[in-house]
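# Observations on the three-dimensional arrangement
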Amino acid sequence: MGQDPMQEVSSKTEIYRDIAIGAATLIALYVTRLDSYLLFHSLAELFSIAVVGGLFAVTWASRYVLKNNYLLLLGVSYLFVAGFDLLHTLAYEGMGVFPQYGPNLSPQLWICARSIESGSLLIAPFFLKRRLPIGILFLVLTALSALLLGSIFYWKNFPVCFIEGVGLTNFKIISEYAICAILVVALALLLTHGDSFDKRVLKLVALSIIVTIGQELMFSLYAEMYDFYNFIGHYLKIVSFVLLYKAIVETGVTKPYALLSKEVKDRQDRLEMERNFISTVLDTTGALVTVLDPAGRIVRFNKACVEATGYSPDEALNRYIWDLLLVPEQVNEIKAIFSELESGRSAYEDEYYWVNKNDGRRLVSWSFTAIRDNKGHVQNVICTGIDITERKLAEQKLQESEERNRKLVEFLPKMIGVHVKQKWVYMNPAGLKLLGARSEGELLGREIQEIISPEFRDIVRSRVEQVQEKGLSVPEIEQQFVRLDGAKVDVSVSSVPIDYQGESGILMFAEDISARKKAEEELRRSHDELERSNAELQQFAYVASHDLQEPLRMVSSYMALMERRYKGRLDADADDFIGYAVDGAKHMRMLINDLLEYSRVGTHGKAFGPVDCETLLSRVLDHLQLLIEDSGATVTHDHLPTVIGDDAQLMRLFQNLIHNSLKFKNDSPPLIDVSAELYNGNWLFSLHDNGIGIDPQYTDRIFVIFQKLHNRDEYPGTGIGLAICKKIVERHGGNIWVQSEPGKGATFFFTIPGQGLEF
């Protein structure tokens, strides 16, 4: 509905009247200022103080009627603001009341008053729907006021706000801006809770805060106590206080009185509706509801209680609950609960027996809740309960059945586990031990896939679906579990469907077959090693019968030629022949030594132990020092870890790789970098150089024994060095490979297992 025309005319007339009064007041105050600024200032401040007095008197007298604690809080807080404003008036420059403090005192008191004012406006919205502790409010404001006055008059540590001849201090200006910011937040909070106010009250209070913000901005600009900004600020203060007065006195107080009788009637109607609603709910609910007075006497007994106990409401009312319904051994416990509720406890829950009219016992899950008045005194105790007798009996039978089943399987040496919806709900001790769990709590509730090795998860998921959807048992298969510590264990697993506590589940049987798998793996490795050894022996025999004969034939040929042509004399040719023979003998010796070293990697190695790769690399560089200096090479490295291995073989590995980088260099000085990082549980070593590089099609060939990519005249060597490197790495359980392109250098990678290793 629209606004009544007469009310609209009255409202417009009131607005015009207020504007006219405001303009007249502004003119009158301005004229007064021209004659005496002190008179103007005193009138302005005393007017605002008088308004505050009216605000406090009206709100305090109406505190039992006002539902809006926002307005009541402002009425009380502004009383203290008025006190500071009075002191501010007396301390103003020219009044002569506090001559020893100078012109700084008045701005200090002003900041104190505005701080309390803005703070009150900020916290007031939080008490719109909360009880306002008047006594605590007075105590807090009194303590705050005493602290502020003490800092000004006693300790004299309140920051300076005004310096004569200079003007406002930075503290004064920043304080005004801070007060404005607080007021902006207070305005936002007020508008957020606008539905708690009469529209007129909301508009007037909001407008009062806006005018106060303008007032504070004016007081951050003046340079002299009597200048124009100071005048405008005091005028805006009068306007803001008048707006607040109109909000609280003219609307916030008088209107509730006018509506009081209607509100009481509305409340009575609502209470009657609520009473009828509560009675209907109590009589139709299946829960047991009993209302007791503070002494423990029954004052309300709902229909469910009548049906459960056999007592009619007339038989139960005004009887003590412990005399009528409770078993003797629990009476003292219930009385103790009442004492706790009386002393401050709000609620209590537990299970107790009820005795019905025929002396039968029923187990009830009870909740006791205290209903208190405004002073915290217990008015009633609401007892709500649910009969759980049948449920408890069923739970007991189920627990007994589960206990029997548990005892049957907990001593079995095989793992027995149950999972429902792919989550573990039971695990016997053997299963906990197998999976590395110290208790069921570490395992129950977790997904079964968490203990399945990743490569078997699809298989397990398929088997679970087969059991769940078709209800079929699945035969035994071998797979791997992942223990809680991350270690993998080989198991043999079979599954059957089961009903577990009313839900479809799967019963899983598993046996640790790690020892058997390990034995099988060792047998396979031995077989593979034997085959590899046989192949190497065959290759070695071939080399011994073919390649190693070539140097010997060369030596023999040249020695025979020398004998035929130069028998009895020596010349330059003879010297060349002798050189060839010596060179052949040297090459033959290198081949034999490298072959022997290659054949001994797997059979004559040392026992593994900790190897500091930093120290090992330093020893290698010492051995290669002359070659490094001759080639002008630079060798760098990152921090290298300590690994478990054969230090002599690892030293040979690093030496061969670095020597190759020095040998297969281009025209630039060699640059070699060695690094290591932990990757997928292994140490990944890399050696990068800027040499001639390798065609990618030959990156596998170079690790095969005798597979040289260059002739011996260009790059001397036997072609066994990288084959030895490969065999050393494989003995340590790792792999070796190379990445390279011709002309772009090469990077050799090899891995060493990371168990027990550290940086």
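Here, the structure is the one placed above.
Residues numbered from 1 in each chain as written. Predicted model: local features only at pLDDT ≥ 70, side-chain atom pairs only at ≥ 80, totals over all residues. Heavy atoms only, no water.

### Quick notes on the packing of aromatic side chains
Just so we agree on the cut-off: For Phe, Tyr and Trp, rings pair up if their centres lie within 6.5 Å, where Trp contributes its six-membered ring, and each pair is then called stacked (planes under 30 degrees apart), edge-to-face (over 60) or tilted (otherwise). Helix and strand definitions follow DSSP, with helices as H or I runs of at least four residues and strands as E runs of at least two, each counted in order from the N terminus.
Taken as a whole, this structure holds 16 aromatic pairs when the rule is applied. Considering the side-chain rings of Phe 98 and Tyr 101, the 6.4 Å spacing of their centres and the 75 degrees angle between planes classify their relative orientation as edge-to-face. Between Tyr 101 and Phe 153, the ring centres sit 5.3 Å apart and the planes meet at 80 degrees, which makes this aromatic pair edge-to-face. Of the two residues, Tyr 101 sits in the loop between α3 (69–90) and α4 (105–123) while Phe 153 sits in helix α5 (residues 134–154), which places them 52 residues apart along the sequence.

### A closer look at the packing of helix α2 (residues 37–61) against α3
The test is simple: To get an axis, a line is fitted to the C-alpha atoms, and for a helix only the part in contact is used. The angle between two axes follows their N-to-C directions and goes from 0 to 180 degrees. Roughly parallel here means an angle under 35 degrees, roughly antiparallel means over 145, roughly perpendicular means 65 to 115, and every remaining angle is called oblique. In a left-handed crossing the near helix is turned counterclockwise from the far helix by less than a right angle, and in a right-handed crossing that turn is clockwise. It only takes one pair of heavy atoms within 4.5 Å for two residues to be counted as in contact.
In contact at an axis separation of 8 Å, α2 and α3 are set at 155 degrees when each is read in the N-to-C sense. Between α2 and α3, the angle falls in the class roughly antiparallel. Considering how the two elements wind past one another, α2 and α3 form a crossing that is left-handed. Facing His 41, Ser 42, Glu 45, Leu 46, Ser 48, Ile 49, Val 52, Phe 56, Thr 59 and Trp 60 of α2, the residues of α3 in contact are Leu 71, Leu 72, Gly 75, Val 76, Tyr 78, Leu 79, Ala 82, Asp 85, Leu 86, His 88 and Thr 89.

### Points about the environment of Glu 164
Within the secondary structure, Glu 164 is located in the loop between β1 (162–163) and β2 (167–168). Considering only alpha carbons, one finds Glu 164 and Ala 223, 59 residues apart in sequence, at a separation of 9.0 Å. Every residue in contact with Glu 164, bar those within four places of it in the chain, is listed here: Glu 93 and Pro 103.

### Quick look at the pairing of strand β18 (residues 736–740)
Operational definition: In this scheme, a residue with accessible area under 20% of its type's maximum is buried, one over 50% is exposed, and one in between is partly exposed, where area comes from a 1.4 Å probe on protein chains only. Strand pairing follows a simple DSSP-based rule, namely that at least 2 bridges must link the two strands.
Here β18 shows one buried face, formed by Ile 736, Val 738 and Ser 740, and one open face, formed by Trp 737 and Gln 739. In this sheet, strand β19 (residues 746–753) lies alongside β18 in antiparallel orientation, the contact comprising five bridges. Paired with Val 738 across the bridge in β19 is Phe 748.

### Re the pattern of salt bridges
Between side chains of opposite charge, a pair can form when the charged atoms approach closely. Using the following cut-off: In what follows, salt bridge is the name for a side-chain nitrogen of Lys or Arg lying within 4 Å of a carboxyl oxygen of Asp or Glu.
Summed over the entire model, instances satisfying the criterion amount to 19 salt bridges. The closest approach of N and O atoms between Arg 461 and Asp 458, which form a salt bridge, is 2.8 Å. Here Arg 461 pairs with Asp 458, and both are found in helix α15 (residues 457–470), just three residues apart, close to one helical turn. Judged by relative accessible area, Arg 461 falls into the partly exposed class, the value being 34%. Across the salt bridge formed by Lys 726 and Glu 730, the nearest N and O atoms sit 2.5 Å from each other. Here Glu 730 and Lys 726 lie together in helix α22 (residues 721–731), a separation of four residues that amounts to about one turn. Given a relative accessible area of 39%, Glu 730 falls into the partly exposed group. Among the charged side chains, a network of salt bridges with common partners joins Glu 45, Asp 85, Arg 114, Glu 117 and Lys 237.

### Points about the environment of Ser 504
Position of Ser 504 among the secondary structure elements: in strand β12 (residues 503–512). Overall, Ser 504 belongs to the exposed group, its relative accessible area being 63%. Once the C-alpha coordinates of Ser 504 and Gln 468 are considered, the two residues, 36 residues apart in sequence, prove to be 7.6 Å apart. Discounting residues that sit within four places of it in the chain, Ser 504 has contacts with Val 420 and Ile 498.

### Details of the sheet that holds strand β10 (residues 474–482)
If you trace the five strands from one edge of the open sheet to the other, you get β9-β8-β12-β11-β10, paired in antiparallel fashion. Two strands in the sheet have a free side with no partner beyond their single neighbour: β9 (423–427) and β10. If you compare each strand with its neighbour and ignore which way they point, the axes differ by 35 degrees on average. Note: strand β11 (residues 488–500) against β12, 10 bridges, orientation antiparallel. The residue bridging Ser 494 from the neighbouring strand is Phe 509, located in β12. Contacts between α15 and the sheet are confined to β8 (415–420), β10, β11 and β12, with β10 contributing the most and set at about 140 degrees to the helix.

### Focus: helix α19 (residues 613–623)
Our working rule: To obtain the arc, one takes the directions from the helix axis to the C-beta atoms. By the criterion applied in these results, polar contacts are pairs of N or O atoms within 3.5 Å in which, for protein atoms, one can donate a hydrogen and the other can accept it, and in which residues neighboring in sequence qualify only through two side-chain atoms.
Those residues of α19 that fall on the buried side of the exposure criterion are Cys 613, Leu 616, Leu 617 and Val 620. Taken end-on, α19 shows its buried residues confined to a sector of 95 degrees, consistent with a single buried face. Along its buried surface, α19 packs onto β13 (609–612), β14 (634–637), β15 (642–645), α21 (647–663), β16 (671–679) and β17 (682–689). The opening residue of α19 is Asp 612, an N-cap whose side-chain oxygen sits 3.0 Å from the backbone nitrogen of Glu 614.

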